[in-house]
Amino acid sequence: MLEADFHRGVPVVMVELVHPADPTKRRRGLGIIGTGASHSAIDRVVAEDLDLDPMGGTTMDRYDDENEKTDTPLFGVQIEILNLGTYRRTALGLHLAKYDAMALIGNDLLRMMKLCYVGHQRSVTLSPCESAE
């Protein structure tokens, strides 16, 4: 089981992003637990630092002042959620540094875990589904 911390009011865990073909290329930092996100994402600058090549892209709606569509690259990456597990994913390339994070853990990963949120205690824990009760 892994207990999340809170940063800027949102639950976060420590993650390590690893180049799938070269495990010596890795970066450690915060991953936001994003229950409202359908897909996981990594910061575009971190993807460049790891020398990850885009695996194509997708078009996403942007919900900001302009409400426009934007092209978003996809990257193959290994996401290690420290003390919980390792997951190979195709992650969206977003600008996450403004949130002090390098990854967004979306429902594509969260569906493989048991997540317990106790609001009045401001507590979030994650555990692998195999150990779910």
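This text follows the structure it describes.
Residues numbered from 1 in each chain as written. Predicted model: local features only at pLDDT ≥ 70, side-chain atom pairs only at ≥ 80, totals over all residues. Heavy atoms only, no water.

Draft legend 1. Here's a closer look at the pairing of strand β4 (residues 22-33). The pairing of strand β3 (residues 10-19) with β4 spans 8 bridges and is classified as antiparallel. Note that in β4 the partner of V18 across the bridge is R26. Here β3 folds back onto β4 in antiparallel fashion, the turn holding 2 residues. Bridge analysis of β4 against strand β9 (residues 103-105) gives 3 bridges, and the strand direction is parallel. What sits directly across from G31, in β9, is A103. (Pairing = 2+ DSSP bridges. Helix = DSSP H or I, 4+ residues; strand = E, 2+ residues; numbered from the N terminus.)

Draft legend 2. Spotlight on the environment of D43. Relative to the helices and strands, D43 is located in strand β5 (residues 41-43). With near-sequence residues (within four places) excluded, D43 lies in contact with L94, H95, L96, A97, A101 and M102. Within the structure, D43 has its side chain in polar contact with the backbone nitrogen of V45 (distance 3.0 Å). Of the polar contacts made by the side chain of D43, one reaches the backbone nitrogen of A97; its length is 3.0 Å. (Contact = heavy atoms within 4.5 Å. Polar contact = N/O pair within 3.5 Å; in protein donor to acceptor, adjacent residues only side chain to side chain.)

Draft legend 3. Spotlight on the environment of I32. You can see I32 is positioned in strand β4. Linking I32 and A101, residues 69 residues apart in sequence, is a C-alpha distance of 6.7 Å. Leaving out residues up to four positions away in the same chain, I32 has contacts with V10, P11, V12, Y99, A101, A103, L104 and I105.

Draft legend 4. Main features of the pattern of salt bridges. Counted by the stated rule, this structure contains 7 salt bridges. Put simply, D100 and R8 hold a salt bridge, and the shortest N to O gap is 3.5 Å. Of the two residues, D100 is situated in the loop between β8 (85-94) and β9 and R8 in the loop between β2 (5-7) and β3; the sequence distance between them amounts to 92 residues. By relative accessible area, D100 is classed as partly exposed at 41%. R26 is the partner of E16 in a salt bridge, and the nearest nitrogen-oxygen pair spans 3.3 Å. Within this pair, whereas E16 is found in strand β3, its partner R26 is found in strand β4, the two being separated by 10 residues in sequence. Among the ionic contacts, a cluster of salt bridges with common partners joins E16, R26, R28 and E80. (Salt bridge = Lys/Arg side-chain N within 4 Å of Asp/Glu carboxyl O. Buried < 20%, exposed > 50% of the residue type's maximum accessible area, 1.4 Å probe, protein only.)

Draft legend 5. Quick look at the environment of C116. Looking at the secondary structure, you find C116 in strand β10 (residues 113-118). The sequence separation of C116 and E3 amounts to 113 residues, and the corresponding C-alpha distance is 9.5 Å.

Draft legend 6. Molecular detail of the pairing of strand β11 (residues 123-128). With 5 of 6 residues buried, β11 lies mostly within the body of the structure. With 2 bridges connecting them, strand β1 (residues 2-3) and β11 associate as antiparallel partners. By the bridge assignment, L2 is partnered in β11 with L126. Bridge analysis of β10 against β11 gives 6 bridges, and the strand direction is antiparallel.

Draft legend 7. Structural view of the side chain of H19. With respect to the secondary-structure elements, H19 resides in strand β3. Among the polar contacts made by the side chain of H19, one reaches the main-chain carbonyl oxygen of D51 at a distance of 3.4 Å. Non-local contacts of H19, meaning those with residues more than four positions away in its chain, are made with K25, L50, D51 and L52.

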